[in-house]
Amino acid sequence: MRYRIPSTIAGAILVVLAATMPVMAQAPVDRSKPPELGPPPALHIPPVVVRELANGLKLMVVERHNLPVADFVLVIPSGATANPADRAGAADLVANMLTEGTTSRSALQIADQTAYLGISLFSSSGWDATTVRLSTPTAQLDSALALFADVALHPSFPPTEFARVKQERLTALLQLKDRGPAIANLVYPTLLYGKDNPYGRSVVGTDASVGAMTVTDLSTFYHHHFAPNGATLVAVGDVTPAEVEQKVSALFSGWARETVPTTDVGAGLPALATTIYLIDKPGAAQSSFRIGSVGVARSTADYFPIQVMNTALGGSFTSRLNQVLREDKGYTYGASSRFDMRKHGGLFVASAEIVSAKSDSALVDFMQQLKAIRDTIPATELSKTKRYLQLELPSAFETTGQIATRLGDVALYGLPLDYYNHVVDRIGAVTQGEAQQVAEKYIDPSHLTVLIVGDRKTIEGPIRALNIGPIVFRDTNGNPVQ
């Protein structure tokens with residue numbers, strides 16, 4: 001059967017076409033050259049109202065009344081760095097289990113109520129924090145917040161559900177061992193920090209740590225680290241500060257203060273002369289490259305110059321690494337670099353998946369670009385890079401959920417409440433000298449840790465012939481190979 005366009009819609013289309021055709025005729029578009037960009041738009045986040053409950057739980061509320069929805073993010077400032085040394089993956093499994101049962105609801109009842117209310121409710125954990133997130137229509141606000149609070153405050157870690165989640169995690173870890181990029185991502189932090197440092201262990205755990213995990217381990221982690229003092233609840237949407245405070249107080253005021261243990265993260269292993277670590281993956285069609293060093297903390301005063309410098313190096317599609325390795329040479333689908341800034345010094349890493357036969361050539365190009373970024377970035381390239389960062393910023397604040405996520409970072413890292421209102425100006429103020437200074441300070445080509453996961457039989461000889469550094473062999477768990 002043919003579909004007929006309703007006459008009202010067809011009429012509206014004709015009206016729109018009629019309205020736009022004269023404009024198109026008056027302003028022809030010259031498609032032979034890129035359009036001129038205007039000045040970067042200013043970004044102004046609505047005022048953030050801060051309240052604090054008697055138990056120490058901080059509230060951050062932003063009113064946004066254009067749609068009848070609201071997003072809530074509970075930020076617990078404990079993540080993977082708080083995992084016990086022999087229980088890597090504990091924080092992540094605790095986050096996974098929060099929605100698997102409470103003292104009054106089963107996993108199925110939580111799932112049923114979430115679907116019935118039309119809300120989104122989930123939790124996750126990273127290096128520095130564990131978060132519980134709720135997105136709800138304001139028409140369901142009371143019921144949604146009650147479920148949100150129950151999940152955050154009364155998890156029961158039911159053994160049957162934990163057995164399933166644990167088996168799923170063990171299966172996923174087994175699958176990762178067959179993927180070169182996953183092996184590289186799991187082993188590389190160990191090379192920089194060592195296995196005794198929290199940053200040197202896996203966020204998702206290992207088969208040994210997860211295999212040994214018990215319900216008691218998860219309950220212990222939860223009760224040691226989930227406390228109102230130090231936590232922040234961000235609310236953004238069609239709500240008012242008074243309304244949020246009244247509803248949250250009714251649900252969270254019984255949450256008792258606790259003494260939360262602090263986590264000590266060392267500085268990482270001493271930087272050695274550039275060394276190549278090779279993990280053999282027989283028959284691999286691609287080699288997984290990870291090249292870098294220990295980076296900086298989120299609190300660094302060099303944050304904005306680093307963002308600009310790294311974006312020019314490998315932080316966008318038109319960055320140097322991607323242009324050379326993908327567009328010019330065709331060795332990879334994509335190459336990039338990043339500074340993973342955390343409460344303490346996270347890693348700096350440049351990475352790509354390279355066709356095996358070009359592993360030696362790609363390593364030469366990587367090293368050339370990591371050296372070249374220490375020279376002065378040309379004015380045109382610096383301007384383009386800064387404009388890219390400035391223009392993409394508003395896209396991170398389009399929804400109430402995105403705003404809540406960004407404000408969670410403000411709470412976690414102690415940033416000023418109006419921090420994002422000044423980001424465009426701070427990026428625009430970065431000079432060529434500042435970009436060069438941070439490149440020289442944080443990227444040292446003579447002291448890089450290079451990890452390549454690939455077919456040793458194919459790539460070892462050509463890479464050794466480059467004489468970039470000694471080659472050390474490791475297994476897929478990062479252990480030395482004799």
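Residues numbered from 1 in each chain as written. Predicted model: local features only at pLDDT ≥ 70, side-chain atom pairs only at ≥ 80, totals over all residues. Heavy atoms only, no water.

**Concerning the side chain of S287**
Alright, step 1. Locating S287 in the fold gives a position in strand 8 (residues 286–294).
Alright, step 2. Excluding anything up to four places from it in sequence, S287 contacts A352, E353, I354, S356, S359, I452, V453, G454 and I459. (Helix = DSSP H or I, 4+ residues; strand = E, 2+ residues; numbered from the N terminus. Contact = heavy atoms within 4.5 Å.)

**Thoughts on the pattern of salt bridges**
Alright, step 1. Enumeration according to the criterion identifies 20 salt bridges in this entry.
Alright, step 2. Linking R169 and D92 is a salt bridge whose minimum nitrogen-to-oxygen distance equals 2.6 Å. In this pair, R169 is assigned in helix 5 (residues 159–176) and D92 in helix 2 (residues 90–97), connecting sequence segments 77 residues apart.
Alright, step 3. When its relative accessible area of 13% is taken as the criterion, D92 is described as buried.
Alright, step 4. Put simply, D207 and K177 hold a salt bridge, and the shortest N to O gap is 2.9 Å. In this pair, D207 sits in helix 7 (residues 207–212) while K177 sits in the loop between helix 5 and helix 6 (180–193), placing the two residues 30 residues apart along the sequence.
Alright, step 5. Of the residues examined, D207 reaches a relative accessible area of 41% and is grouped as partly exposed. (Salt bridge = Lys/Arg side-chain N within 4 Å of Asp/Glu carboxyl O. Buried < 20%, exposed > 50% of the residue type's maximum accessible area, 1.4 Å probe, protein only.)

**Looking at the nonpolar core**
Alright, step 1. Ranked by internal contacts, the top residues of the largest apolar core, which has 68 residues, are F339 and L407.
Alright, step 2. At seven residues, helix 10 (residues 303–314) tops the list of elements feeding residues into this core.
Alright, step 3. In terms of nonpolar packing, the next biggest core, distinct from the first, is built from 48 residues, L59, I76, L141 and F221 among them. (Core = buried A, V, L, I, M, F, W, Y, C linked by side-chain atoms within 4.5 Å.)

**Notes on the sheet that holds strand 3 (residues 69–76)**
Alright, step 1. The strand order across the open sheet formed by six strands is 1-2-6-3-5-4, and the pairing between neighbours is mixed. For this open sheet the edge positions go to strand 1 (49–52) and strand 4 (120–125), each flanked by a neighbour on one side alone. Taking the axes of each pair of neighbouring strands and ignoring which way they run, one obtains an average angle of 15 degrees across the sheet.
Alright, step 2. One ladder, built from eight bridges, connects strand 3 with strand 5 (residues 130–137); its direction is antiparallel. When the bridges of strand 5 are listed, L74 appears paired with V132. (Pairing = 2+ DSSP bridges. Axes fitted to C-alpha atoms, helices over the stretch in contact; angles between N-to-C directions.)

**Notes on the environment of K384**
Alright, step 1. In this structure, K384 sits in helix 13 (residues 379–392).
Alright, step 2. It is 42 Å that separates the C-alpha atoms of K384 and A88, two residues lying 296 residues apart in sequence.
Alright, step 3. A distance of 3.5 Å separates polar atoms of two side chains, one belonging to K384 and the other to T318. (Polar contact = N/O pair within 3.5 Å; in protein donor to acceptor, adjacent residues only side chain to side chain.)

**Describing the environment of L391**
Alright, step 1. Structurally, the position occupied by L391 is in helix 13.
Alright, step 2. With 297 residues separating them in the primary sequence, L391 and V94 have C-alpha atoms 37 Å apart.
Alright, step 3. L391 has contacts with L37, P40 and P41, leaving out every residue within four places of it along the chain.

**Details of the packing of helix 12 (residues 359–372) against helix 17 (residues 456–466)**
Alright, step 1. Look at helix 12 against helix 17: their axes get within 8 Å of each other, and the N-to-C directions meet at 35 degrees. Crossing of helix 12 against helix 17: the hand is right-handed. For the pair helix 12 and helix 17, the contacting residues are S359, D360, L363 and V364 in the first and I459, P462, I463 and L466 in the second.
Alright, step 2. Looking at the contact of helix 12 with helix 17, its residues break down into six nonpolar, one polar and one charged. (Left-handed = near helix turned anticlockwise from the far one by under 90°. Nonpolar A, V, L, I, M, F, W, Y, C, P; charged D, E, K, R; others polar.)

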